Amino acid sequence: MKARWIITAASAALFFGGSLFTSLRDPWFQNLQRPSWLTFEFLIPFIWTFIWVCITISAIIVWEKSSKKGSRPWGLLLVYAAIALLTSLYSPVVVELRSLIGGIIVGGLATLLVYILAFVVKPISQTASWLFLPYALWGPFGTYLTWLLLQLNSPINP
């Protein structure tokens, strides 16, 4: 039970930590050209909150199932933490460093780790593995959207 709270607290710290270092209300970010079909941008924070909750629950399940078998999946939790850290770094990299390329790299790497970890934890818990599905679907889309922002805001584009 104690581990559940520690994982949740660490996850919340990483989730909110990224937003402490940046504001998506930054004028540079707000003035980026966006695709005309991106009418649901206001939903993105809610989507990420849902994804984050799923990943956190997955980490708790993996920890608890592994603990019952007498092992501690520290290595797996480090990968969960790496995913959380990369995800948290996305906004500071894009907004504070003004690097859409950096956002593509950070987002793409986090998504790749999600695919790998979902596969690795499947033998431990299929439920924990399925909880990666929202990230596995949104991650490539978010990375693609960042690539589109780069294309629309490239200096060579009028």
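Residues numbered from 1 in each chain as written. Predicted model: local features only at pLDDT ≥ 70, side-chain atom pairs only at ≥ 80, totals over all residues. Heavy atoms only, no water.

## Digging into the packing of aromatic side chains
The line we're drawing: For this analysis, a ring pair means two rings from Phe, Tyr or Trp (six-membered ring only for Trp) whose centres lie within 6.5 Å, classed as stacked if their planes differ by under 30 degrees, edge-to-face if by over 60, and tilted for the remaining angles. In DSSP terms, a helix is any run of H or I states spanning at least four residues, a strand is any run of E spanning at least two, and both are numbered starting from the N terminus.
Enumeration over the complete set of coordinates arrives at seven aromatic pairs. Consider the rings of Trp-37 and Phe-141, whose centres lie 5.9 Å apart with planes at 55°: the pair is tilted. Residue Trp-37 is located in the loop between helix H2 (27–30) and helix H3 (44–68), and its partner Phe-141 is located in helix H7 (residues 133–152); the two are separated by 104 residues in the primary sequence. When the ring of Trp-48 is compared with that of Tyr-135, the centres are 5.1 Å apart and the planes differ by 80°; the resulting orientation is edge-to-face.

## Focus: unusual backbone geometry
Positive phi values are uncommon outside glycine, yet Arg-98 reaches one of about 55°. One can find Arg-98 in the loop between helix H4 (74–96) and helix H5 (100–121).

## Describing the confidence of the model for the protein chain
For clarity, the cut-off: Predictor confidence is given residue by residue as pLDDT, running from a minimum of 0 to a maximum of 100.
Summary statistics for the protein chain give a mean pLDDT of 90 and a share of 94% for residues scoring 70 or more. Confidence scores differ between elements of the protein chain, with helix H1 (residues 2–20) showing the lowest mean pLDDT of 79 and helix H6 (residues 126–130) the highest of 98.

## Regarding a nonpolar patch on the surface
Using the following cut-off: Residues form patches when they are more than 30% accessible in relative terms and have no salt bridge. Like charges link within 9 Å. Nonpolar side chains (Val, Leu, Ile, Met, Phe, Trp, Tyr) link within 5 Å. Areas reported here follow the Shrake-Rupley algorithm with a probe of radius 1.4 Å; residue values treat only the protein chains shown as occluding. By definition, a salt bridge exists where a carboxyl oxygen of Asp or Glu is found within 4 Å of a side-chain nitrogen of Lys or Arg. Think of it in three bands: residues with accessible area under 20% of the maximum for their type are buried, residues over 50% are exposed, and the middle band is partly exposed, with areas taken using a 1.4 Å probe on protein chains only.
A surface patch of nonpolar side chains, amounting to about 490 Å² of accessible area, comprises Leu-109, Leu-112, Ile-116, Phe-119 and Val-120. Take Phe-119: it is sitting in helix H5. Phe-119 sits in the exposed class, given a relative accessible area of 67%.

## Here's the deal with the nonpolar core
The line we're drawing: Here, nonpolar core means buried Ala, Val, Leu, Ile, Met, Phe, Trp, Tyr and Cys residues that are tied together by side-chain atoms lying within 4.5 Å of each other. Whether two residues are in contact is decided by their heavy atoms, any of which lying within 4.5 Å being enough.
Tyr-80, Leu-117, Val-121, Phe-132 and Tyr-135 are the most contacted members of the largest nonpolar core, which has 28 residues in total. If you list the elements that add at least two residues to this core, you get H3, H4, H5 and H7. Element by element, the count of residues in this core is highest for H3, at nine residues. Not counting residues up to four positions away in its chain, the partners in contact with Leu-117 are Leu-76, Val-79, Tyr-80, Ile-83 and Phe-132.

## Looking at the pattern of salt bridges
Overall, the coordinates contain three salt bridges when judged by the stated rule. Two residues, Arg-4 and Glu-64, come together in a salt bridge whose shortest N-O distance is 2.9 Å. Here Arg-4 is found in helix H1, whereas its partner Glu-64 is found in helix H3, with 60 residues between them in sequence. Take Arg-4: its relative accessible area is 35%, and that puts it in the partly exposed class. The residue Arg-34 makes a salt bridge to Glu-41 at a minimum N-O spacing of 2.8 Å.

## Examining the packing of H5 against H7
To keep it simple, the criterion reads: The convention used is that axes are lines fitted to C-alpha atoms, helices contributing only their stretch in contact, and that angles between N-to-C directions extend from 0 to 180 degrees. The labels follow the angle: roughly parallel below 35 degrees, roughly antiparallel above 145, roughly perpendicular from 65 to 115, and oblique for the rest. Note on convention: near helix rotated counterclockwise from far helix by under a right angle means a left-handed crossing. Clockwise means right-handed. Just so you know the grouping, Ala, Val, Leu, Ile, Met, Phe, Trp, Tyr, Cys and Pro go in nonpolar, Asp, Glu, Lys and Arg go in charged, and all remaining residues, Gly too, go in polar.
Contact geometry for H5 and H7: axes closest at 9 Å, N-to-C directions at 165°. Judged on the interaxial angle alone, H7 and H5 are roughly antiparallel. In this structure, H5 meets H7 at a crossing whose hand is left-handed. Facing Leu-100, Ile-101, Gly-103, Ile-104, Gly-107, Gly-108, Ala-110, Thr-111, Val-114 and Tyr-115 of H5, the residues of H7 in contact are Tyr-135, Ala-136, Gly-139, Pro-140, Thr-143, Thr-146, Trp-147, Leu-149 and Leu-150. In terms of residue class, the contact of H5 with H7 is built from twelve nonpolar, seven polar and no charged.

## Points about H5
The following threshold applies: The span one expects for a helix is its residue count, reduced by one, times 1.5 Å. This arc describes the spread of directions from the helix axis toward the C-beta atoms.
The first and last C-alpha atoms of H5 sit 31 Å apart over 22 residues, in line with the 32 Å expected at 1.5 Å per residue. Buried within H5 are the following residues: Leu-100, Gly-102, Gly-103, Val-106, Gly-107, Ala-110, Thr-111, Val-114, Leu-117, Ala-118 and Val-121. Along the axis of H5, the buried residues cluster in a sector spanning 155°; they form a single face. Summarising the geometry of H5, the exposed residues directed more than 90 degrees from the buried face are Ile-101, Ile-105 and Phe-119. Looking at the buried residues of H5, the elements they touch are H2, H3, H4, H6 and H7.

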